[in-house]
Amino acid sequence: MKRFYFICLLCFGILLLASLVAACITEYTSGSPTVTSTEAVSGWKYEDGSAAKLDDLTLNGDAFEVTRRLPESMDPGTELCLISTNVDFEVFLDDRQIYSYTPVIRTLYGKTYGNDLHAIELSGAEPDSVLRIRGKGLDTSMFVGFREASLDSGDAFYRKTIRRELPKFLISFLIFALGILITLLGIFFSKDHELQLETIALGLLAITLSLWTATGTYVIQIITGNPGMVRLVNYLSLMVLPASGITLVACLTGRPKSRLVLPIHLIVIMNLIMYMIGIFILKKDFHAFLFITHFSLILAVVFAIQMLIGSLRRKPEQGESRDYTTLIAFGILVLTGLVDLVLYYFSDSADMARFSRVGLLIFVTILAGHELNRFIEISEKSHEADVMERLAHVDGLTGLKNRTSLNEHEFALKHESEGVAVLTVFDINYLKKVNDTYGHKAGDDFIRHGASIIDKSFGETDWIFRTGGDEFFAILFSPDPKRESELLLAFEKGEKLMKEQIQKHNDSNLSPVPLQIAYGMSVYHCRDKNLEEQEQLADSRMYEHKKQLKQGC
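The structure presented is a predicted model; accordingly, all values stated were derived computationally and were not measured.

**Looking at the overall build of the protein**
- The number of helices and strands found in the protein is 14 helices and 14 strands.
- Split into buried and exposed, the 553 residues of the protein put 48% on the buried side.
- Taking the contacts inside the protein whose residues are at least 6 apart along the sequence as the reference set, 76% of them involve residues at least 24 apart.
- If you sum the accessible surface of the protein, you get close to 28300 Å²; carbon and sulfur atoms cover 59% of it.

As structure tokens, then:
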């Protein structure tokens, strides 16, 4: 548990440090020393002389027209800087058109473009010149107008916007990178199926949420110059969000196959189909189908809460401890998301992920720490299991496979329908003499030398086993029975090499007693199913060779 909290604090610290660095960097882009910035949202008038504000326009149908006078004194290089939302417009200076914005919106992006930034040169402006903006809303069911307006240097306007939005964007970007890392971790390194699904679901949820929160800033618009694409990413990420969210909760509660998961996935698929039909056939904006997205989000939250309550009600197994960190993290994310959902209907803010971004930061930090901690624990257990597996199947003295491993290979051979194998039995002579005369340590060295020579000589296969004190077994196998001659050639090559290695070993006087290895071979055809008979044949041939060696033949 301590390691888990350490990982959480480390992740959160990295994100916080990156945000502070971004804030410090952007301090150097705070504005232009040559142009005084003047707020320009208010001070406008409609044609009838009534006051108008650019962020709260009154439309005549879907159109509007507002005017205002420029200040009597204005710094050279001053521009009209705007953030427009879902509106086509023209700007006139003393009845001379100086700017027109009517973007061509691709069908894929719907009927509106979302938000875009403008810096309009006021060339030829005189004191008391009149500015006039005429435009029309692209979809009056959404916010139409200008989020911000100022008389400023265009460069300073863009720099200040980046300065304000970059910390939020950087948080989203770091969460996106963390989501990619977690997803890849789940795909390539997780061996447990349920943990793999849980890790991938968390990674995809982090990616989806980071894309949604990032599009609430203006940084991507500034970088890409394509506000329609940014709006598309915003809606699509929100559409698919419930699918990864409910999958993650199902995994966290130990119910990856819960019947509550499928309905959410079906609604998400239906939502995407409705979007395609609405955009390409009905010529609607996907904002018209947002209620389906919100319904799927609310339903996913309800189902998730139901699964979490069910998990809490479940009686823990003996020795199992409850972990409430997941519940707390999810609760924070849901609460902040619901706040933003409510504000969507009662606020005209361009950033609809203000609270969700904070909740996402906390949620991903806690869950990433949780998953990394689980991954480390499972990796450690997997390593321990690998060690136990090795101890169960590997001979500790020689490093070769042991009798247990041979039994498993024999079982596999018996169940092969086709194939051929060359079976070889080995026995080291004079081990008892070495043990009795020079001690068991010298006997162990004697065995190791013999095992090393057998392994080097018949090393074309990994099927070499120590079956007893001084007894060894090798299997040369091919699934193709026609390759019997190749296996026999491999055996002859190994036989020749083993004799050379034994001679070299004895010439070097590495053992107190000259090394002798008796062996016997037989050929097993899998279709005959007579493995025991062939092993006995190889064993009898080995004993014949053993007698010959002791007789000096």
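**A short note on the pattern of salt bridges**
- This model, assessed by the stated rule, comprises 16 salt bridges.
- Two residues, Arg483 and Glu486, come together in a salt bridge whose shortest N-O distance is 2.9 Å.
- For Arg483, a relative accessible area of 39% translates into the label partly exposed.
- By sharing partners, the salt bridges in this structure join Glu148, Arg164, Glu165 and Lys168 into a single network.

**Topic: the packing of aromatic side chains**
- One pass over the structure, following the stated rule, counts eleven aromatic pairs.
- Measuring from centroid to centroid gives 6.3 Å for Phe64 and Phe146, while their planes differ by 80°, and the two rings are edge-to-face. Here Phe64 is found in strand S4 (residues 63-69), whereas its partner Phe146 is found in strand S10 (residues 145-152), with 82 residues between them in sequence.
- Relative accessible area serves as the criterion here: at 0%, Phe146 is assigned to the buried category.
- With a centroid separation of 6.4 Å and an interplanar angle of 70°, the aromatic rings of Phe491 and Tyr519 are classed as edge-to-face.

**Topic: helix H10 (residues 403-414)**
- Counted at 1.5 Å a residue, the expected span for H10 with its twelve residues is 16 Å, and the 16 Å between its end C-alpha atoms agrees.
- Taken together, the buried positions of H10 are Ser405, Leu406, His409, Glu410 and Leu413. Axial view of H10: buried residues confined to an arc of 140°, hence all on one face.
- Sitting at the head of H10, Asn402 places a side-chain oxygen 3.2 Å from the backbone nitrogen of Thr404.

**With respect to the packing of helix H11 (residues 431-438) against helix H12 (residues 440-457)**
- One can describe the packing of H11 onto H12 by two numbers: an axis separation of 7 Å at closest approach and a directional angle of 150°. As judged from the angle between their axes, H11 and H12 are roughly antiparallel. Here H11 and H12 pass one another in a crossing that is right-handed. Where H11 approaches H12, its residues Leu431, Val434, Asn435 and Tyr438 are matched on the opposing element by His440, Ala442, Gly443, Phe446 and Ile447.
- Across the contact of H11 with H12, the residue classes break down as six nonpolar, three polar and no charged.

**Focus on the pairing of strand S11 (residues 420-428)**
- Counting buried positions along S11 gives nine out of nine residues, so the element sits mostly inside the fold.
- Burial along S11 is two-sided: Val420, Val422, Thr424, Phe426 and Ile428 facing one way and Ala421, Leu423, Val425 and Asp427 facing the other are all buried.
- Pairing geometry for S11 and strand S13 (residues 471-478), over eight bridges, is antiparallel. Within the sheet, the bridge partner assigned to Val425 lies in S13 and is Phe473.
- In this sheet, strand S14 (residues 517-525) lies alongside S11 in antiparallel orientation, the contact comprising nine bridges. Looking at S14, one finds that Val425 is bridged to Gly520.

**What about helix H14 (residues 531-550)?**
- In a regular helix each residue adds 1.5 Å, so 20 residues correspond to 28 Å; H14 covers 29 Å between its end C-alpha atoms and thus fits that length.
- Those residues of H14 not exposed but buried are Leu531, Gln534, Glu535, Ala538, Met542, His545, Lys546 and Leu549. Mapping the buried residues of H14 onto a view down its axis gives an arc of 125°, with all of them on the same face. Across H14 from its buried face, at more than 90 degrees, point the exposed residues Glu533, Gln536 and Lys547.
- For H14, the secondary structure elements touched by its buried residues are H10, S11, S13 and S14.
- Two residues or fewer past H14, Gly552 is found with a positive phi of approximately 80°.

**Things to note about the pairing of strand S6 (residues 87-93)**
- By the criterion of burial, S6 is predominantly enclosed, with six of the seven residues buried.
- Pairing of S6 with strand S9 (residues 130-137) involves seven bridges; the strand directions are antiparallel. Residue pairing across strands places Phe92 opposite Arg132, the latter belonging to S9.
- What sits between S6 and strand S7 (residues 96-101) in their antiparallel hairpin is a turn of two residues, with Asp94 showing a positive phi close to 50°.

**Re the sheet that holds strand S5 (residues 79-85)**
- If you trace the four strands from one edge of the open sheet to the other, you get S1-S10-S5-S8, paired in antiparallel fashion. Two strands bound the open sheet, and with one partner strand each, they are strand S1 (38-39) and strand S8 (115-121).
- Here seven bridges tie S5 to S8, and the two strands are oriented antiparallel to one another. Residue pairing for S8: Leu82 is matched across the bridge by His118.

**Re the packing of H10 against H14**
- Between H10 and H14, the shortest axis-to-axis distance is 11 Å and the interhelical angle comes to 125°. In terms of axis orientation, H10 runs oblique to H14. Between H10 and H14, the contacting residues are Glu410, Leu413 and Lys414 on the first element and Leu531, Glu532 and Glu535 on the second.

**A closer look at the confidence of the model for the protein**
- Per-residue confidence for the protein gives a mean pLDDT of 83; residues scoring 70 or more make up 84%.
- Averaged pLDDT values over the elements of the protein bottom out at 53 in helix H1 (residues 2-26) and peak at 96 in strand S2 (residues 44-45).
- Under a pLDDT of 50 for its full length, residues 25-32 has, in the predicted model, 15 contacts with residues more than four places off or in other chains.

**Some details on the environment of Ile502**
- Topologically, Ile502 is positioned in helix H13 (residues 484-507).
- Along the chain, Ile502 and Gly450 lie 52 residues apart, while their C-alpha atoms are 8.2 Å from each other.
- Apart from residues lying up to four places away in sequence, Ile502 is in contact with Ile453, Leu515 and Ile517.

Cut-offs applied
- Residues numbered from 1 in each chain as written.
- Predicted model: local features only at pLDDT ≥ 70, side-chain atom pairs only at ≥ 80, totals over all residues.
- Heavy atoms only, no water.
- Helix = DSSP H or I, 4+ residues; strand = E, 2+ residues; numbered from the N terminus.
- Buried < 20%, exposed > 50% of the residue type's maximum accessible area, 1.4 Å probe, protein only.
- Contact = heavy atoms within 4.5 Å.
- Areas by Shrake-Rupley, 256 points an atom, 1.4 Å probe, with all protein chains shown as cover.
- Salt bridge = Lys/Arg side-chain N within 4 Å of Asp/Glu carboxyl O.
- Phe/Tyr/Trp six-rings, centres within 6.5 Å; stacked < 30°, edge-to-face > 60°.
- Expected span 1.5 Å × (residues − 1).
- Arc of directions from axis to C-beta.
- Polar contact = N/O pair within 3.5 Å; in protein donor to acceptor, adjacent residues only side chain to side chain.
- Axes fitted to C-alpha atoms, helices over the stretch in contact; angles between N-to-C directions.
- Parallel < 35°, antiparallel > 145°, perpendicular 65-115°, else oblique.
- Left-handed = near helix turned anticlockwise from the far one by under 90°.
- Nonpolar A, V, L, I, M, F, W, Y, C, P; charged D, E, K, R; others polar.
- Pairing = 2+ DSSP bridges.
- pLDDT = per-residue confidence, 0-100.

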